[in-house]
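Coordinate inspection notes
Residue-level listing of the chains:
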Amino acid sequence: MTAEEIFIKLQASFPGLVKSEERIKDYPTWTVPAQSVRTVCEQLRSGFSFNYLDFITAVDWPGSVGNTVPPAAGRDVFELVYLISALSTGVKICLRCEISRKEPAFIPSLYGVFMAADWQEREVYDLFGIHFEGHPNLKRILTPETQLGYPLRKDYAHVPDSYD
Amino acid sequence: MGIALDNLSKIESLPGGGVALATSDFLINWSRTSSLWPLTFGLACCAIEMMAAYASRFDFERMGVFPRPTPRQADVMFVAGTVAKKMAPPIIRIYKQMPEPKFVIAMGGCANCGGPFYDSYSVVKGVDKIIPVDVYLPGCPPRPEALMYAVIKLQEKIRKMKVKNNFGATPFQNTGARKLS
């Protein structure tokens, strides 16, 4: 089953699911409402044998600050990017969703759907401060416990510590 | 008397006897310089050069540099690579587990001062912020010959150590490069 057929089948139950204008690399790229990302992934896993989460990452679009080129201009969001694969058919699908940049930023966790989501979500939480609702162990994974703030946010200001 | 001892100029044999005389400083420093056992311990890409130095082409074992898998048996720590802040507490811990006298060679730009990661939020700006360093070895990464030069420099430093100063052991200093002699 191609990505196009999967999209048509899924869109019947998720009207918010649309194709993204920008493709990420050559992957079929879909934009998902943030609140339904977990159910979309559950559907993809159970109905279309998508059994592998390649990665989760995030992009910080800090509003008008420093972003004058469309389409980034004026976007004040965190953009979450998921790449999931069906290993049996080799189809890969890229899911994007946007959440408000207001503190605290929340998105449903994929914990329990994909094994890889556990540490990946902890990494995104560590570096971007995005809270994954439903993750049972959401704490810093890469930076030390003494780290203040979230380093990959555009407005991160480093506070020197004893190692600097 | 073995060949090694016969070749040492500062050792005198008594006529007709099996007794040799030497200063204790000389004997202790000779044994320390000839058996600098490093900890098998690498942090980043410099560790690849360090491994090459141990292997047959450069063969540090001919200088008595013989990697040990436990800090309890190690004399010298090659800090080979970038020291992340998350890694700093384990480095302090294994440094404390090494027996005195203990020496540290900071290998590469990252271990010296943070190197290309100087502006990073997650990198310690030089391993001398957390443990005392004896020899700073620049390079990115330094070649095995450069590491050999650092070991030779450390041996020169050890040869100047004196028993009367703090029992020959490393003085407990918390920060900065150390003066051993």
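None of these values were measured; they are calculated from a predicted model. (Residues numbered from 1 in each chain as written. Chains lettered and ligands numbered in written order. Predicted model: local features only at pLDDT ≥ 70, side-chain atom pairs only at ≥ 80, totals over all residues. Heavy atoms only, no water.)

1. A closer look at the nonpolar core
Residues and elements named next belong to chain A. The biggest cluster of nonpolar side chains holds 39 residues, and the ones touching the most others in it are Leu44, Leu80, Tyr82, Leu95, Ile107 and Ile130. Elements supplying a minimum of two residues to this core: helix H1 (3–13), helix H2 (37–48), strand S3 (52–62), strand S4 (76–86), strand S5 (91–100), strand S6 (105–108), helix H3 (117–128) and strand S7 (130–133). Non-local contacts of Tyr82, meaning those with residues more than four positions away in its chain, are made with Val37, Leu53, Phe55, Ile56, Ile93, Cys94, Leu95, Cys97, Ile107, Pro108, Leu110 and Phe132. (Core = buried A, V, L, I, M, F, W, Y, C linked by side-chain atoms within 4.5 Å. Buried < 20%, exposed > 50% of the residue type's maximum accessible area, 1.4 Å probe, protein only. Helix = DSSP H or I, 4+ residues; strand = E, 2+ residues; numbered from the N terminus. Contact = heavy atoms within 4.5 Å.)

2. Some remarks on the sheet that holds S3(A)
Residues and elements named next belong to chain A. Judged by pairing direction, the sheet is mixed, and its five strands sit side by side in the order S1-S2-S5-S4-S3 without closing on themselves. Of all the strands in the sheet, just strand S1 (18–19) and S3 have a single pairing partner and so form its edges. Here S4 runs beside S5; their pairing, made up of 10 bridges, is antiparallel. Looking across to S5, one finds that Val81 is bridged to Arg96. (Pairing = 2+ DSSP bridges.)

3. Here we look at a nonpolar patch on the surface
A cluster of nonpolar side chains, namely B:Leu14, B:Val19 and B:Leu21, defines an oily patch on the protein surface of about 250 Å² accessible area. Assignment of secondary structure puts B:Leu14 in the loop between strand S1 (12–13) and strand S2 (20–21). (Patch = residues over 30% accessible without salt bridge, like charges linked within 9 Å, V, L, I, M, F, W, Y side chains within 5 Å. Areas by Shrake-Rupley, 256 points an atom, 1.4 Å probe, with all protein chains shown as cover. Salt bridge = Lys/Arg side-chain N within 4 Å of Asp/Glu carboxyl O.)

4. Observations regarding the pattern of salt bridges
Tallied over the entire structure, the rule returns 14 salt bridges over all chains. Across the pair A:Arg101 and A:Asp155 runs a salt bridge whose closest N-O atoms are separated by 3.5 Å. Linking A:Arg101 in the loop between S5 and S6 with A:Asp155 in the segment after S7, this pair joins segments that are 54 residues apart in sequence. Here A:Arg101 falls in the buried class, since its relative accessible area comes to 14%. The salt bridge involving B:Lys125 is made with A:Asp164; its shortest N-O contact spans 2.7 Å. With B:Lys125 in the loop between helix H5 (108–113) and strand S5 (135–137) and A:Asp164 in the segment after S7, the pair connects residues from two separate chains. Owing to a relative accessible area of 10%, B:Lys125 belongs among the buried residues under this scheme. It is possible to trace a salt-bridge network through shared partners that takes in A:Asp161, A:Asp164, B:Lys85 and B:Lys125.

5. Section: the confidence of the model for chain A
Keep in mind that low pLDDT regions are not for reading the predicted coordinates in detail. Of all residues in chain A, 93% have pLDDT values of 70 or greater, and the mean over the chain is 86. No element of chain A has a lower mean pLDDT than S1(A), at 82, and none a higher one than H3(A), at 93. (pLDDT = per-residue confidence, 0-100.)

6. As for the pairing of strand S3 (residues 76–80) of chain B
Residues and elements named next belong to chain B. The buried count for S3 comes to five of five residues, which makes it a mostly enclosed element. Inspection of the sheet shows S3 paired to strand S4 (residues 103–107) by five bridges, in the parallel sense. The residue of S4 that forms the bridge with Phe78 is Ile105. Of the crossover connections in this fold, the one passing from S3 over helix H4 (residues 88–97) to the parallel S4 is right-handed. (Right-handed = clockwise from strand over helix to strand, strands pointing away.)

7. As for the side chain of B:Gln155
Residues and elements named next belong to chain B. Structurally, the position occupied by Gln155 is in helix H6 (residues 144–159). Looking at Gln155, its side chain comes within polar contact range of the main-chain oxygen of Thr33, at 2.8 Å. Excluding residues within four positions of it along the chain, Gln155 makes contact with Thr33, Leu36 and Met63. (Polar contact = N/O pair within 3.5 Å; in protein donor to acceptor, adjacent residues only side chain to side chain.)

8. What to know about the interface of chain A and chain B
Counting from both sides, the interface comprises 14 residues of chain A and, opposite them, 10 residues of chain B. Summing the contributions of chain A and of chain B, the shared interface buries around 980 Å²; its carbon and sulfur component is 60%. Area buried by chain A at its contact with chain B is led by A:Pro144, A:Tyr163 and A:Asp164, which between them contribute 56% of it. For the salt bridge of A:Glu145 with B:Lys86, the shortest nitrogen-to-oxygen distance reads 3.9 Å. (Buried area = accessible area lost by both parts, 1.4 Å probe.)

9. Some remarks on the sheet that holds S5(B)
Residues and elements named next belong to chain B. Sheet architecture is open: three strands sit in the order S3-S4-S5, paired in parallel fashion. Every other strand in the sheet has two partners, leaving S3 and S5 as the edge strands with one partner each. Taken over all neighbouring pairs, the strand axes of this sheet differ in orientation by 15° on average, direction set aside. Where S4 meets S5, three bridges bridge the pair, whose relative direction is parallel. Opposite Met107, over in S5, you have Leu137 as the bridge partner. (Axes fitted to C-alpha atoms, helices over the stretch in contact; angles between N-to-C directions.)

10. Observations regarding unusual backbone geometry
A negative phi holds for most residues other than glycine; trans holds for most peptide bonds. In the segment running from B:Cys140 into B:Pro141, the intervening peptide bond is cis, with an omega of -10°. Phi at A:Ser49 takes a positive value of approximately 55°, unusual for a residue other than glycine. Take A:Ser49: its relative accessible area is 34%, and that puts it in the partly exposed class. The phi angle at B:Asp59 is positive, at roughly 55°, despite the residue not being glycine. Following the sequence through the fold, B:Asp59 ends up in the loop between helix H3 (46–54) and S3.

11. Points about the packing of aromatic side chains
All names here are of chain B. Under the defined criterion, the tally for this structure stands at six aromatic pairs over all chains. Note on Trp37 and Phe66: the rings are 5.9 Å apart at their centroids and 85° apart in plane angle, and the pair reads as edge-to-face. One end of the pair, Trp37, is in the loop between helix H2 (24–34) and H3; the other, Phe66, is in the loop between H3 and S3, and 29 residues separate them in sequence. In this arrangement the basic side chain of Lys102 is found over the ring face of Tyr95, its NZ or CZ atom lying 4.4 Å from the centre. (Phe/Tyr/Trp six-rings, centres within 6.5 Å; stacked < 30°, edge-to-face > 60°. Lys NZ or Arg CZ within 6 Å of the ring centre and 35° of its normal.)

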